Amino acid sequence: MEGNCVKRRGIFLTLAGGMCWGVSGCFGQFLFQEKGATANWLVSIRLLTAGILLLIIGYIHQGRKLNEIFHKKTDFKKLLIFSVFGMLFCQYTYFAGVQYSNAGTATVLQALAPTVILSFVCIRNLKLPKGFELFAVVAAILGVFLLSTHGNIQNMMLTKEALFFGLASAVGAAAYNLLAADLLRDYGVYVVVGFGMFFGGLVLAALVRPWNLMIPMDMETIICLFGVIVIGTAIAFSLYMKGVSIVGAFMGSLLGTIEPVTAIVVSAIFLGSKFQWIDLLGFALILGTVLLLSLRSPHEEA
């Protein structure tokens with residue numbers, strides 16, 4: 001009985017973390033639509049502030065162990081590479097996708113990351129996808145096709161920018177997972193994600209100079225920034241990682257599909273995003289791909 005209660009708690013925490021991530025994209029969409037914010041401005045602020053916040057939480061949990069990664073030059077170099085080509089690339093392309101489309105569409109396109117990872121592994125190992133893997137890839141491609149053209153190849157429903165950044169965010173999420181795997185195992189999420197966000201934010205801020213864009217700092221803006229930075233980072237990571245520690249990575253990957261579903265529902269209800277039935281079919285095909293690839297044996301290599 002007690003074991004079931006613990007498992008239910010783990011499921012609840014994992015779902016809550018995924019929902020927080022989904023909602024954070026919607027807060028970003030509001031800032032783009034109503035406040036004139038840009039991905040350059042929002043991502044640089046989010047990475048810097050959220051990075052500092054996660055490092056503070058990490059210090060509370062780990063103390064001076066937080067700095068151990070700096071004592072190994074090889075791992076520190078890996079961290080810097082992850083900060084730019086994993087964290088920064090993933091975050092920037094995602095919010096740029098939100099800026100040019102909406103939170104629901106951008107989040108679903110980013111969910112193609114497992115398909116990107118599968119393709120990378122197949123190319124690296126010089127092997128073709130297996131039967132169900134090939135089916136998943138075809139379903140994902142069909143989903144993107146329906147989402148971007150509504151079935152008519154001569155009629156693009158998504159802008160070129162939205163499609164580009166949406167697909168790029170899937171590549172970014174794949175790179176994020178591939179580059180962070182060893183570091184996360186050795187140092188934990190607060191060290192890797194915290195420093196990754198902080199260093200990535202420093203690089204982007206130096207390039208785009210977000211202080212030059214004047215955004216009205218009213219209560220709506222502050223609430224949305226709180227949603228993107230605190231709810232979508234500190235709270236989301238804490239809830240999700242705690243939940244996954246209880247239910248396991250396999251179940252966590254399945255429950256994590258709540259993120260794009262949340263983004264779709266919230267952006268439609270509260271932000272006026274319009275989705276037709278063929279969009280929902282495209283979403284279903286893409287999310288079905290994620291579920292199918294997640295349902296592989298946990299012991300099977302990616």
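Not measured: the values here are computed from a predicted model.

Novice: Even after reading the chapter, I still don't get the environment of Phe226, so can you show me in this structure?
Specialist: Mapped onto the secondary structure, Phe226 falls in helix H9 (residues 219–247). Here Phe226 falls in the partly exposed class, since its relative accessible area comes to 45%. Along the sequence, Phe226 and Ile153 sit 73 residues apart, while their C-alpha atoms lie 40 Å from each other.

Novice: What should I look at first to understand the packing of helix H3 (residues 73–100) against helix H7 (residues 160–187) in this one?
Specialist: A pair of packed helices is captured by two measures, namely the crossing angle of their axes and the spacing between those axes. Relative to each other, H3 and H7 sit at 150 degrees, their axes nearing to 7 Å. Taken as axis vectors, H3 and H7 run roughly antiparallel relative to one another. The handedness of the crossing between H3 and H7 is left-handed. The residue inventory of the contact of H3 with H7, partitioned by class, reads 22 nonpolar, 5 polar and 4 charged.

Novice: How do you make sense of unusual backbone geometry when you look at a structure like this?
Specialist: Note: most residues except glycine have negative phi, and most peptide bonds are trans. Not every positive phi belongs to a glycine, and His150 is a case in point at roughly 55 degrees. Tracing the backbone shows His150 in the loop between helix H6 (131–149) and H7. A relative accessible area of 17% means that His150 is categorised as buried. Phi is positive for Arg209, which is not a glycine, with a value near 50 degrees. Structurally, the position occupied by Arg209 is in the loop between helix H8 (189–208) and H9.

Novice: Got a minute to help me understand the nonpolar core in this structure?
Specialist: Where a protein is soluble and globular, its nonpolar side chains tend to be buried together. Grouped together as the largest cluster of nonpolar side chains are 61 residues, with contacts concentrated most on Leu42, Phe82, Phe95, Val193, Met197 and Phe237. Look past the residues within four positions of Phe95 in its chain and what remains in contact with it is Ser24, Gly25, Gly28, Phe32, Ala39, Leu42, Val43, Arg46 and Val228. Val108, Ala162, Leu163 and Ile286 belong to the second largest nonpolar core, which has 13 residues in total.

Novice: Would you mind showing me how to read helix H4 (residues 103–110) here?
Specialist: With 8 of 8 residues buried, H4 lies mostly within the body of the structure. Those residues of H4 that sit buried are Ala103, Gly104, Thr105, Ala106, Thr107, Val108, Leu109 and Gln110. Sitting at the amino-terminal end of H4 is Asn102, which places a side-chain oxygen 3.1 Å from the backbone nitrogen of Gly104.

Novice: Looking at this structure, I do not really get the environment of Val230. What am I missing?
Specialist: Relative to the helices and strands, Val230 resides in helix H9. Spatially, the C-alpha atoms of Val230 and Leu53 are 8.1 Å apart, while their sequence positions differ by 177 residues.

Novice: Can you help me understand the confidence of the model for the protein chain in this one?
Specialist: Should the pLDDT be low somewhere, the predicted coordinates at that spot are not to be read in detail. On average, residues of the protein chain score 89 in pLDDT, and 96% of them are at 70 or above. Ranking the helices and strands of the protein chain by mean pLDDT puts H3 first, with 96, and helix H10 (residues 249–255) last, with 75. Low pLDDT (under 50) marks residues 297–302, which in the prediction has 5 contacts with non-local residues, meaning those over four places away or in another chain.

Novice: Explain the packing of aromatic side chains to me, please; I cannot follow it from the model alone.
Specialist: Pairs of aromatic rings are described using the distance from one ring centre to the other and the angle between the two planes. Throughout the structure, instances matching the rule amount to 13 aromatic pairs. Residues Tyr100 and Phe165 carry aromatic rings whose centres are separated by 5.7 Å and whose planes lie at 5 degrees to one another, so their mutual orientation is stacked. One end of the pair, Tyr100, is in helix H3; the other, Phe165, is in helix H7, and 65 residues separate them in sequence. Taking the centre distance of 5.8 Å and the plane angle of 20 degrees together, the rings of Phe195 and Phe199 count as stacked. Linking Phe195 with Phe199, this pair stays in helix H8, spanning 4 residues, or about one helical turn. Note on accessibility: Phe195 and Phe199 belong to one class, buried. One aromatic cluster in this structure is built from Phe70, Phe76, Phe195, Phe198 and Phe199.

Reading guide: rules and limits
- Residues numbered from 1 in each chain as written.
- Predicted model: local features only at pLDDT ≥ 70, side-chain atom pairs only at ≥ 80, totals over all residues.
- Heavy atoms only, no water.
- Helix = DSSP H or I, 4+ residues; strand = E, 2+ residues; numbered from the N terminus.
- Buried < 20%, exposed > 50% of the residue type's maximum accessible area, 1.4 Å probe, protein only.
- Axes fitted to C-alpha atoms, helices over the stretch in contact; angles between N-to-C directions.
- Parallel < 35°, antiparallel > 145°, perpendicular 65-115°, else oblique.
- Left-handed = near helix turned anticlockwise from the far one by under 90°.
- Nonpolar A, V, L, I, M, F, W, Y, C, P; charged D, E, K, R; others polar.
- Core = buried A, V, L, I, M, F, W, Y, C linked by side-chain atoms within 4.5 Å.
- Contact = heavy atoms within 4.5 Å.
- Polar contact = N/O pair within 3.5 Å; in protein donor to acceptor, adjacent residues only side chain to side chain.
- pLDDT = per-residue confidence, 0-100.
- Phe/Tyr/Trp six-rings, centres within 6.5 Å; stacked < 30°, edge-to-face > 60°.

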